Amino acid sequence: MIIRNNRKPGGLAAAGITLGLMLGACGSSDPVGSTGQPPLPGLGPSRCGDVQTRPWCDTRLSPAERTALLLGEMTLSQKLSLLGGDNIVAAATGDPYVGISEGIPELGIPDLRMSDGPVGVRGSPATAFPTPLALASSFNPELARRTGKAVANEVRHKGNDLLHAPVLDIMRNPLAGRTFETYGEDPYLAERLGVAWIQGAQTEGIMANVKHYAMNTQEGQIGLPPITSLIGGRQLVNHVIDERTLREMHLAPFEAAIHEADVASFMCAYGFVNGAAACGSHFLLQQVLRDEWGFDGFVVSDYVLAVKDTVMSLNNGTEIEMPLGMFYTPLLLQTAVLTGLVSMETVDTRVGNILRTLFRFGFFDRADYVRNDDLVDVEGHAAVARETAEQGAVLLRNNGVLPLDAAALRKIAVIGSSAVERPSGGGSSAVVPLRFVPPRDALAARAASAETLYADGSDAAAAAALAATADVAIVFVADKASEGVDKTCLSLDCPALPLSVLVPGLPELGGKPQDALIRAVAATNPNTVVVLQVAGPVLTPWRDQVAAILVAWYPGQEAGDALAHVLFGDTDAGGRLPLSFPKAEVDTPTAGNPLRYPGVANQAFYTEGIFTGYRWYDEQQVEPAFPFGYGLSYTQFAYEGLQLEARRGQLLASLTVRNTGSRAGWATPQLYLGLPSPSESVPQPQRVLKGFSRHWLAPGASARASFILDQRAFSYWHVSAGGWKIADGCYAIQAGAHSRDLPLRATASWTQGTLRVGACS
Ligand code: BGC
């Protein structure tokens, strides 16, 4: 069965959202509706002007009508002036904005100010949130919504209108320098988190600019972070990828950002996709984005050299070149029009897309957002950051040493410089925190009756000797990552990034023998707890020699309190892995194959197809060190009572999750689908994530988790038909704790467009 009609707003888009989360997400005091309703009172007078002389300022007209009126008044050079950014200096500092597209005062068009980013506002001090990987580990869209709203609120109070976030690229290669900015390796998880984040952000009257469309999956090797790399560098690399993999693995979250979150704008990526620059690709920008998905917002280029050709980008769909018109200079634009390579109609379309979106978001009809840091709810946002760090901390191993009992401890050894420094990613996601309590200090405060000893870990023998005297040793280790360059290996002992001293704000954490430090400490103290503050998966060759492992990612400014809460059991360890941790680097999908990564002659071939992340490990029958979706709790859960019902072509699945332990904790039931392969050329993974939910359960308590699988959830991309198709056959529904612990099993079948629940083979 071919599904011609792609997702539409309010249509079948809710595949797998749990009912509980949908209910939990409602309600807010939003100044501007994300549908672009005129601003509510409190946002100041309109900056558009007098309706008599400027009829496009009439808010009773639709955005399209207002756009037509305004376009009719504009000269060609006025139109072209809106297509290029106007400040390259800002891109380096990010403060007070990372870019600006100047308006036209004589027509009442205000300046458009833009800010980064996914981890918090870049530039001046702002709430430093945990990295998006931590948010992804929370498996909690409601928390993503609050994070998006908090970041956008700060963006607004710094005087900006548009926010370059979230990142919806999928992690294909764990070495990728921007892994920390993503939501991990699964498109469904990225989609659910991304949609909620954008919805939250846009309720603040800020336009979200989802990025990077498409395929910013690698930064390259031998680089100068945060700018560029020589081999497979992000500005140079051509991603050679089959259409099914592209659609199913990499484009799906972007599609949801339009159909479910009505996102205002897209940032087109630096690289090439199947030979066409992402910022000049007819396939990506016109055929898919506009013709198929019906996007009616505008496209902003990534910064410096993402646009590679004036005519291609203008004709195919990039509206604004940032941070400066380099290919969109007045001269090059005028020439393109005067030579007839770009039509006036195309110019009107590009400018119209910008103006219509601005009208839709009430941009003309309010006062400037004025910079005023005092209006930021510093404590409220810190609470969201802390909650994310707690819910995103993933407990990988625990022999019972955690949670720590403050009353029973006499001496705690805290080891590692990252217990006092703040590891964070480099590049446009680096945030100057409003405050920072180091984990060492927060742990000492939490266990005030114990003595807290500290060693920076530079001398493993000294650290081990200190650990030998303590009841528990907590070893903090960290890696280093930045946009502009990929890691050279996954080991914690990996050398520091080349030239990384040039990355602002990155402490020198790489290049130290951290594996040896962990081993040395574990050898003298059986209660050794390892806290990983990392950008993505790392190798854990010592995992069986330590008592506990907690992945904190880069936990942000509230790291100290959040980690103290988790380690001492004031809350549960709430996170589940949004990506697989491999046992060895050779196990990863792109390892050992330079054609795949970093590519040869700047061509990276996606020959692994749809087998990214856990799909790869399952297919290869390789056991990861810790699988996708995995994460321990301080309590235990049982899963039972899987029920299925087919209703109007949708599958309603529900199950009961019960807390069988003696502490309250976070249950995160997950539902996966095994799809039949219609032919050899369409292989299917053993399972793919299609639903999850989140429940705080007291001891003995249970919850019913419900999931809706719509027709899209059962579909694959049929290349020759050019659409989503459901294969006839048997579908395996698998549910439980994580991708490799799915005790609940059932089947359903599709036959010529009819879904049936029950046994099949
Ligand atoms: C990054 C973008 C970022 C922009 C502005 C670029 O280098 O790729 O993600 O939004 O800079 O800082």
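Computed from a prediction, not measured in an experiment: that's the story for all the values here.

## Notes on the pattern of salt bridges
Per the counting criterion, the structure on display carries 42 salt bridges. D348 serves as the salt-bridge partner of K79, at 2.8 Å between the closest nitrogen and oxygen. On the criterion of sequence distance, the pair formed by K79 in helix α3 (residues 76-81) and D348 in helix α12 (residues 344-360) is long-range, its members being 269 residues apart. Here K79 falls in the buried class, since its relative accessible area comes to 6%. In this structure D348 comes out as partly exposed when scored by relative accessible area, which is 26%. Where salt bridges share partners, they join R178, E181, E219, R234 and E483 into one cluster.

## Things to note about helix α9 (residues 282-292)
Turning to α9, its buried residues are L284, L285, Q286, V288, L289 and R290. G294, located one to two residues past α9, shows a positive phi value of around 70°.

## Things to note about the packing of helix α13 (residues 378-391) against helix α17 (residues 559-567)
Interhelical geometry of α13 versus α17 gives an angle of 40° and a closest axis separation of 8 Å. When the axes of α13 and α17 are compared, the pair comes out oblique. Note that α13 runs across α17; the crossing there is right-handed. Contacts between α13 and α17 involve R386, A389 and E390 from the first element and D561, A562, H565 and V566 from the second. Class assignment for the residues of the contact of α13 with α17 results in 3 nonpolar, 1 polar and 3 charged.

## Details of the side chain of T182
Its place among the elements puts T182 in the loop between β4 (162-164) and α7 (187-202). Here T182 falls in the buried class, since its relative accessible area comes to 5%. Side-chain polar atoms of T182 contact the backbone oxygen of T179, separated by 2.8 Å. From its side chain, T182 meets the backbone nitrogen of G184 in a polar contact 3.0 Å long. With sequence-adjacent residues up to four places away left out, T182 is seen in contact with P132, L133, V167, D169 and M171.

## What about the sheet that holds strand β26 (residues 702-709)?
With antiparallel pairing, the 3 strands of this open sheet are ordered in space as β20-β21-β26. Both edges of this open sheet fall to β20 (637-647) and β26, since each of them pairs with a single strand only. Here the average twist between neighbouring strands, direction ignored, is 20°. Summarising the sheet, β20 and strand β21 (residues 650-659) pair through 9 bridges and their orientation is antiparallel. Across the sheet, residue Y639 finds its bridge partner in β21, namely V657.

## What to know about a nonpolar patch on the surface
On the surface, I88, V89, V304, L305 and M326 cluster together into a nonpolar patch covering about 400 Å² of accessible area. Assignment of secondary structure puts M326 in the loop between α10 (310-316) and α11 (330-338). Since its relative accessible area comes to 34%, M326 is described here as partly exposed.

## A closer look at the state of the cysteines
Tallying each qualifying case throughout the model produces 4 disulfides. Here C489 connects covalently by a disulfide to C494, the sulfurs 2.1 Å from one another. For the residue pair C489 and C494, the accessibility class agrees, reading buried in each case. Between the sulfur of C730 and that of C760 lies a disulfide, 2.0 Å long from S to S.

## Regarding the site of the ligand
Around the ligand, the structure places 14 residues, and the nearest of them are D116, R122, H212, D302 and E483. In this structure, R122 approaches the ligand through a side-chain N or O atom, which is 2.7 Å from an oxygen atom. Contact between the ligand and R234: an oxygen atom at 3.2 Å from a side-chain N or O atom of the residue. For the ligand, the protein covers 95% of the area, taking 310 Å² as the surface of the free molecule. Class assignment for the residues of the shell around the ligand results in 4 nonpolar, 3 polar and 7 charged.

## Examining the sheet that holds β4
The 6 strands are arranged β2-β3-β4-β5-β9-β12 in an open sheet whose pairing can be described as mixed. The open sheet has two edge strands, β2 (99-101) and β12 (298-301), and neither has a second partner. This sheet shows a mean twist of 30° between the axes of neighbouring strands, independent of strand direction. As paired strands, strand β9 (residues 265-268) and β12 are joined by 4 bridges and run parallel to one another. The residue of β12 that forms the bridge with F266 is V299. The strands touched by helix α8 (residues 243-259) within the sheet are β5 (207-213) and β9, with β5 carrying the most contacts at an inclination of about 165°. In the packing of α12 onto the sheet, the strands contacted are β3 (112-116), β5 and β12, and the crossing angle to β12 comes to about 110°.

## A short note on the packing of helix α15 (residues 460-468) against helix α16 (residues 514-524)
At a minimum axis distance of 8 Å, the contact between α15 and α16 shows a crossing angle of 30°. By the criterion of interaxial angle, the relationship of α15 to α16 is roughly parallel. Judged by the sense of rotation from one axis to the other, the crossing of α15 with α16 is right-handed. Note on element contacts: α16 touches α15 through L517, A520, V521 and T524, opposite A460, A463, A464, A467 and A468. The class makeup of the residues in the contact of α15 with α16 is 8 nonpolar, 1 polar and no charged.

Rules used in this analysis
- Here the residue numbering is sequential within each chain, running from 1 through the sequence in written order.
- For a predicted model such as this one, the threshold for reporting local features is a pLDDT of at least 70, and the threshold for listing and counting side-chain atom pairs is 80 or more; totals across whole chains, interfaces and linings nevertheless cover every residue.
- Side-chain calculation: all heavy atoms of the structure are included, whereas hydrogens and water are not.
- When a carboxyl oxygen of Asp or Glu is within 4 Å of a side-chain nitrogen of Lys or Arg, the pair counts as a salt bridge.
- Numbering goes from the N terminus for both helices and strands, where a helix is a DSSP run of H or I of at least four residues and a strand is a run of E of at least two.
- Three labels apply to residues, based on accessible area from a 1.4 Å probe with only protein chains included: buried if under 20% of the type maximum, exposed if over 50%, partly exposed otherwise in between.
- An axis is simply a line fitted to the C-alpha atoms; with a helix, the fit covers only the stretch in contact. Between two such axes, the angle follows the N-to-C directions and lies from 0 to 180 degrees.
- With respect to orientation, any angle under 35 degrees is reported as roughly parallel, any angle over 145 as roughly antiparallel, any angle of 65 to 115 as roughly perpendicular, and every other angle as oblique.
- Each crossing gets its handedness from the near helix: less than a right angle anticlockwise from the far helix is left-handed, clockwise is right-handed.
- Contact criterion: two residues are considered in contact whenever any of their non-hydrogen atoms come within 4.5 Å of each other.
- Residue type decides the class: Asp, Glu, Lys and Arg count as charged, Ala, Val, Leu, Ile, Met, Phe, Trp, Tyr, Cys and Pro as nonpolar, and the leftover types, Gly among them, as polar.
- We call two N or O atoms a polar contact when they sit within 3.5 Å, provided that within protein one can donate a hydrogen and the other can accept it, with sequence-adjacent residues counted only if both atoms are side-chain atoms.
- In short, DSSP must find at least two bridges between two strands for them to pair.
- Here the term patch refers to residues with relative accessible area over 30% and no salt bridge, with like charges joined within 9 Å and nonpolar side chains (Val, Leu, Ile, Met, Phe, Trp, Tyr) within 5 Å.
- Residue burial considers only the protein chains on display, and all accessible areas are found by Shrake-Rupley using a 1.4 Å probe.
- Note on terminology: pairs of cysteine sulfur atoms within 2.5 Å are recorded as disulfides.
- Nearness is defined per residue: one heavy atom within 4 Å of the molecule or strand is enough.

Limitation: the analysis is restricted to geometry and does not speak to function.
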